[in-house]
Amino acid sequence: SQQGEEDPQALSIQEGENATMNCSYKTSINNLQWYRQNSGRGLVHLILIRSNEREKHSGRLRVTLDTSKKSSSLLITASRAADTASYFCACYKAAGNKLTFGGGTRVLVKP
Amino acid sequence: NAGVTQTPKFQVLKTGQSMTLQCAQDMNHNSMYWYRQDPGMGLRLIYYSASEGTTDKGEVPNGYNVSRLNKREFSLRLESAAPSQTSVYFCASSAQTGNTEAFFGQGTRLTVV
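This structure is a prediction, so every number in the text was calculated from the model and none was measured.

## Regarding the interface of chain B and chain A
In this complex, chain B contributes 21 residues to the contact, which on the side of chain A involves 23 residues. Taken together, both faces of the contact between chain B and chain A bury some 1,800 Å²; the carbon and sulfur share is 50%. There are four residue pairs in polar contact (both at pLDDT 80 or more) connecting chain B and chain A. Of all the elements in the fold, those that place two or more residues in the side of chain B that touches chain A are strand 4 (31-38) and strand 5 (42-49) of chain B. Here the side of chain B that touches chain A takes four residues from strand 5 of chain B, the largest share from any one element. The residue makeup of the side of chain B that touches chain A, split by class, is nine nonpolar, nine polar and three charged.

## Some words on the sheet that holds strand 3 (residues 19-25) of chain B
Residues and elements named next belong to chain B. Here four strands make up an open sheet; going across it, the order is 1-3-8-7 and the pairing antiparallel. Looking at which strands have only one partner, the edges of the open sheet turn out to be strand 1 (4-7) and strand 7 (64-68). Strand-to-strand twist in this sheet, taken as the mean axis angle between neighbours without regard to direction, amounts to 15°. Bridge analysis of strand 3 against strand 8 (residues 74-78) gives three bridges, and the strand direction is antiparallel. Among the inter-strand pairings, M19 is bridged to a residue of strand 8, identified as L78.

Reading guide: rules and limits
Residues numbered from 1 in each chain as written. Chains lettered and ligands numbered in written order. Predicted model: local features only at pLDDT ≥ 70, side-chain atom pairs only at ≥ 80, totals over all residues. Heavy atoms only, no water. Contact = heavy atoms within 4.5 Å. Buried area = accessible area lost by both parts, 1.4 Å probe. Polar contact = N/O pair within 3.5 Å; in protein donor to acceptor, adjacent residues only side chain to side chain. Helix = DSSP H or I, 4+ residues; strand = E, 2+ residues; numbered from the N terminus. Nonpolar A, V, L, I, M, F, W, Y, C, P; charged D, E, K, R; others polar. Pairing = 2+ DSSP bridges. Axes fitted to C-alpha atoms, helices over the stretch in contact; angles between N-to-C directions.

Laid out in structure tokens, this is it:
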């Protein structure tokens, strides 16, 4: 079974709106990472948040981590058509030494 | 900047045929990975190599073998392809397993008929 599960599976918004997606995981982790995948392409790393961090920012991206609820959220502010992509969370646990991905959230930003 | 290079980009195999997917990275990374991506399933880890000379099973290793040829190259072999192995395969690398960002290749779309 996969460690991270994203919600919602799909999201459609207008350009300029904010997009929020969530990731829940089952067991404790060392860090959680978010990746973007454009159609037909490889994944691109967006941001990494460690288990002792609660929030990180990178440009228009804001990631939060709540280890008590075993969940993370990715917020994209002021979305653009170019943000249309699938977004994946990935959980890393040192014990086991694996980076495991969730099923992804497909985001469509309409111009 | 090449990053992670996978070959081939597309491949069609008949059931029972064998093939090797090649992956090379030029970032001097220690760790390399092979994932498969199926519709609605996200990415699932097949095998990984934490450092040169070591390989370990991931979530779905059955039907696959890997070789960490050197620090740059990590190949994935299908000895006897099955239709269930139809998927998009991604190779990735990172400086350290899990603690740093992973860089992905463009993928190999494999169809087994």
